[in-house]
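So you can see what is in the structure, the chains are spelled out below.
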Amino acid sequence: MSCFGENWGLEFSREEIDQALADKKILSLELELTHACNLRCIYCYAESGKALENELSYSEIIDAVDQAISLGARKIIVLGGGEPFVYPHLFDVIDHILESGATADLFTNGTLIDKEVAEKLYQKKIPIVIKQNSKTSEVQDFLAGKEGSFAAIQKGMKNLIEAGYPDKEHRLGIQTIVCQQNYNELPDLWRWARNNGIVPYIETMTMQGRARKNLDLEVSTEKIRELFEKLAKIDEEEFDRKWMPRPPLAASQCARHEYSCTVCANGDINPCPGVNIPVGNIRLNTLEEIIQNSKVIQDLRKIRHTIKGKCSDCEFASNCYGCRGHAYQITGDYLAEDSICWIKQC
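Given the structure is predicted, the values throughout are model-derived calculations rather than measurements.

1. Points about the layout of surface pockets
The rolling of a water-molecule-sized probe over the atoms marks out the regions of remaining empty space.
Okay, so step 1: One number sums up the size of the second largest pocket: a volume of about 210 Å³.
Okay, so step 2: In terms of lining residues, the second largest pocket is bounded by 15 residues, among which Glu32, His35, Cys264, Asn270 and Asn276 are the most central.
Okay, so step 3: Across the lining of the second largest pocket, the residue classes tally to eight nonpolar, five polar and two charged.

Encoded structure:
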C-alpha cells in the first residue's frame, strides 16, 4: 500500500529538490507555446483563444528550453498556454527536448489528437495529460465553451488508447478542475480513471482569468474537503492506495516553486500559472539571471521558511504549502496561508 510520507505525491525526491535548491538549479520548466486555442474554457487561467501579437518565435522557444536544461531541468512540461496542438512546431519542440536528454510532458485538451498524432506520441513515449472535466457531454461542452468538445475529447482519448496508452512506458492522465457543475460525478470519474490505468489529476480551481467572470463555478472549502475525503476512501478501499486529503491536488501535492517556473508565450517568466507575476522576460535577461535576481522566485524557493499565517506552523509545513496560486489570487500575497485548506481549521 502506498502511504502518506515526505515524498508522497512528488515528481522528484526530497533529496533531489534540496540539492537543486543548494546548487541554485531547477528540475523542471513549464513552457507555454502560444495563447491560441480551439476551445474557450470558461475557467481558463490564461483566457486563451487568440495568439498574442508578441509571442516567442520558434528559435526563442528552443533557446528557453536550452537555458532550462543547462540549469538542470530534467523535465519540460509543455502547457501550450492555449492548446499545444494549435502550435505548428510542437513536435519540433518535443524532439529538441528529447534530443537534449530531458523528458517532455504534454498537457492538451485532446481534441486535435487523431490516429496519426496518437501513434507519433506513443512512439516518442510522451506522457500525456488530457484536460477532461466530465464524462457528460453537456457539462464538458459547457465548461469547454464549445459545443462538440466532449465528442472530440473522447475521440482523442480513444485514439491514444488504440495507439497503446497507457502502459508502463506511456503515462496517460486526465486533468480535472473541481467546480459546481461536475462536483457530483467526480468520484465516478476517479474510479473510471483508476480502473483504466489513467492517472487522475483532480485539483482545486484558482479564481483567475475567465473563472473570475464565472463565479458560479466555485466550490466551498467544506465541499472540497468532503470530495477529497471521499476520493481518499475510494483509493484506500478499492485500489490499495493511501494518502492524506488536502488541497490543491487529490492524491498528490505541489512543490514546483522550489525547483520550477513558467515561461509564458510572450517570454515573461512567472513563478507558476497561478502566481502570474511577471518577474522578468527571457528576451531581456537569461533564465538564470531572472531566477537568481527575482525576489518573488527566491521567496518561493524558500517557501518552507517564508510562508505566512497558519501554514507557517502547520505540522505538515515541511512537505506542504497549499496552493500558492490560490493564496495569491485571493489575497494578493503569494506567501499568504492557503485559505481553502481545512487542515488548520479542524
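The discussion continues.
2. Focus: the sheet that holds strand β8 (residues 269-270)
Okay, so step 1: The strand order across the open sheet built from eight strands is β6-β5-β4-β3-β2-β1-β7-β8, with neighbouring strands paired in mixed fashion. On the outer flanks of this sheet lie β6 (199-203) and β8, each paired with one strand and no other.
Okay, so step 2: Both strand β1 (residues 28-34) and strand β2 (residues 75-81) contribute to a ladder of six bridges, which runs parallel. By the bridge assignment for β2, Glu32 is matched with Gly80.
Okay, so step 3: Against the sheet, helix α3 (residues 90-99) engages β1, β2 and β3 (103-108), with an angle of about 150° to β3.
Okay, so step 4: Most of the contacts of helix α6 (residues 149-163) go to strand β4 (residues 128-131), to which it runs at about 160°, and overall it touches β4 and β5 (172-177).

3. Looking at the pattern of salt bridges
Pairing between side chains of opposite charge can happen when their charged atoms approach one another.
Okay, so step 1: Per the stated rule, a full pass over the model turns up 20 salt bridges.
Okay, so step 2: For Glu16, the salt bridge identified is with Arg74, shortest N-O distance 3.0 Å. Of the two residues, Glu16 is situated in helix α1 (residues 14-22) and Arg74 in the loop between α2 (58-70) and β2; the sequence distance between them amounts to 58 residues.
Okay, so step 3: With a relative accessible area of 29%, Glu16 lands in the partly exposed category.
Okay, so step 4: Overall, the relative accessible area of 39% leaves Arg74 in the partly exposed class.
Okay, so step 5: Of the charged contacts, one joins Asp95 and Lys124 as a salt bridge, the two residues approaching to 2.7 Å between their closest N and O atoms. Residue Asp95 is located in helix α3, and its partner Lys124 is located in the loop between α4 (115-123) and β4; the two are separated by 29 residues in the primary sequence.
Okay, so step 6: Judged by relative accessible area, which is 24%, Lys124 ranks as partly exposed.

4. Concerning the pairing of β1
Okay, so step 1: When you tally the buried positions in β1, you get seven out of seven residues, the bulk of the element.
Okay, so step 2: Handedness of the crossover joining β1 and β2 through α2 is recorded here as right-handed.
Okay, so step 3: In terms of strand pairing, β1 meets strand β7 (residues 262-263) through two bridges, oriented parallel. Across the sheet, Leu31 pairs through a bridge with Val263, a residue of β7.

5. Observations regarding the nonpolar core
Okay, so step 1: Counting residues in each nonpolar core, the largest one holds 72 residues, and the members touching the most others are Leu106, Leu121, Ile128, Leu160 and Leu287.
Okay, so step 2: Examining the composition of this core, we find that seven residues originate from one element, helix α8 (residues 221-239), more than from any other.
Okay, so step 3: For Leu287, the contacting residues outside a window of four places in its chain are Ile26, Leu29, Gln67, Ala68, Leu71, Cys261, Ile269 and Ile282.
Okay, so step 4: Grouped together as the second largest cluster of nonpolar side chains are 19 residues, Cys254, Leu300, Cys311 and Tyr321 included.

6. Considerations on the packing of aromatic side chains
Okay, so step 1: A complete count under the given rule lists five aromatic pairs for this structure.
Okay, so step 2: Pairing Phe228 with Trp342 gives two aromatic rings, centres 5.9 Å apart and planes at 85°, and the pair type is edge-to-face. With Phe228 in helix α8 and Trp342 in the segment after α12 (324-331), this pair connects stretches of sequence that are 114 residues apart.
Okay, so step 3: On the accessibility criterion, Phe228 (0% relative accessible area) is buried.
Okay, so step 4: The exposure class of Trp342 is buried, given its relative accessible area of 3%.
Okay, so step 5: Positioned above the aromatic ring of Phe12, the side-chain terminus of Lys75 is 5.8 Å from the ring centre.

7. Concerning α3
Okay, so step 1: Of the positions making up α3, those classed as buried are Leu90, Phe91, Val93, Ile94, His96 and Ile97.
Okay, so step 2: Looking one or two places after α3, you find Gly101, whose phi comes out positive at around 95°.

8. Description of the environment of Gln208
Okay, so step 1: Along the chain, Gln208 falls in the loop between β6 and α8.
Okay, so step 2: The class of Gln208 is buried, set by a relative accessible area of 2%.
Okay, so step 3: When the C-alpha positions of Gln208 and Val296 are compared, they lie 19 Å apart, and in sequence the two are 88 residues distant.
Okay, so step 4: In contact with Gln208, other than residues within four places in its own chain, are Tyr43, Cys44, Tyr45, Pro273, Gly274, Asn276 and Gln329.
Okay, so step 5: Separated by 2.7 Å, the side chains of Gln208 and Thr206 make a polar contact.

9. Quick notes on helix α5 (residues 137-144)
Okay, so step 1: Within α5, burial applies to Val139, Gln140, Asp141, Leu143 and Ala144.
Okay, so step 2: Buried residues along α5 sit against β4 and α6.
Okay, so step 3: Remark: Gly145 follows α5 within two positions and exhibits a positive phi of approximately 75°.

10. Points about unusual backbone geometry
Okay, so step 1: Residue Pro166 is bonded to the preceding Tyr165 through a cis peptide linkage, with omega at -15°.
Okay, so step 2: In the segment running from Pro247 into Pro248, the intervening peptide bond is cis, with an omega of 5°.
Okay, so step 3: The residue Pro248 is located in the loop between α8 and β7 in this model.
Okay, so step 4: In this structure, Glu47 is a non-glycine residue whose phi angle is positive, near 50°.
Okay, so step 5: Checked against the element boundaries, Glu47 lands in the loop between β1 and α2.
Okay, so step 6: The backbone of Lys125 sits at a positive phi, close to 60°, despite the residue not being glycine.
Okay, so step 7: Tracing the backbone through its elements, the reader meets Lys125 in the loop between α4 and β4.

What counts and what doesn't
Residues numbered from 1 in each chain as written. Predicted model: local features only at pLDDT ≥ 70, side-chain atom pairs only at ≥ 80, totals over all residues. Heavy atoms only, no water. 1 Å grid on protein atoms, 1.4 Å probe; cavity = no way out; pocket = protein on both sides within 12 Å on 5 of 7 lines; lining within 4 Å. Points joined across faces, edges and corners; volume = space filled by probe spheres on them. Nonpolar A, V, L, I, M, F, W, Y, C, P; charged D, E, K, R; others polar. Pairing = 2+ DSSP bridges. Helix = DSSP H or I, 4+ residues; strand = E, 2+ residues; numbered from the N terminus. Contact = heavy atoms within 4.5 Å. Axes fitted to C-alpha atoms, helices over the stretch in contact; angles between N-to-C directions. Salt bridge = Lys/Arg side-chain N within 4 Å of Asp/Glu carboxyl O. Buried < 20%, exposed > 50% of the residue type's maximum accessible area, 1.4 Å probe, protein only. Right-handed = clockwise from strand over helix to strand, strands pointing away. Core = buried A, V, L, I, M, F, W, Y, C linked by side-chain atoms within 4.5 Å. Phe/Tyr/Trp six-rings, centres within 6.5 Å; stacked < 30°, edge-to-face > 60°. Lys NZ or Arg CZ within 6 Å of the ring centre and 35° of its normal. Polar contact = N/O pair within 3.5 Å; in protein donor to acceptor, adjacent residues only side chain to side chain.

All quantities given are derived from atomic positions and should not be read as evidence of function.
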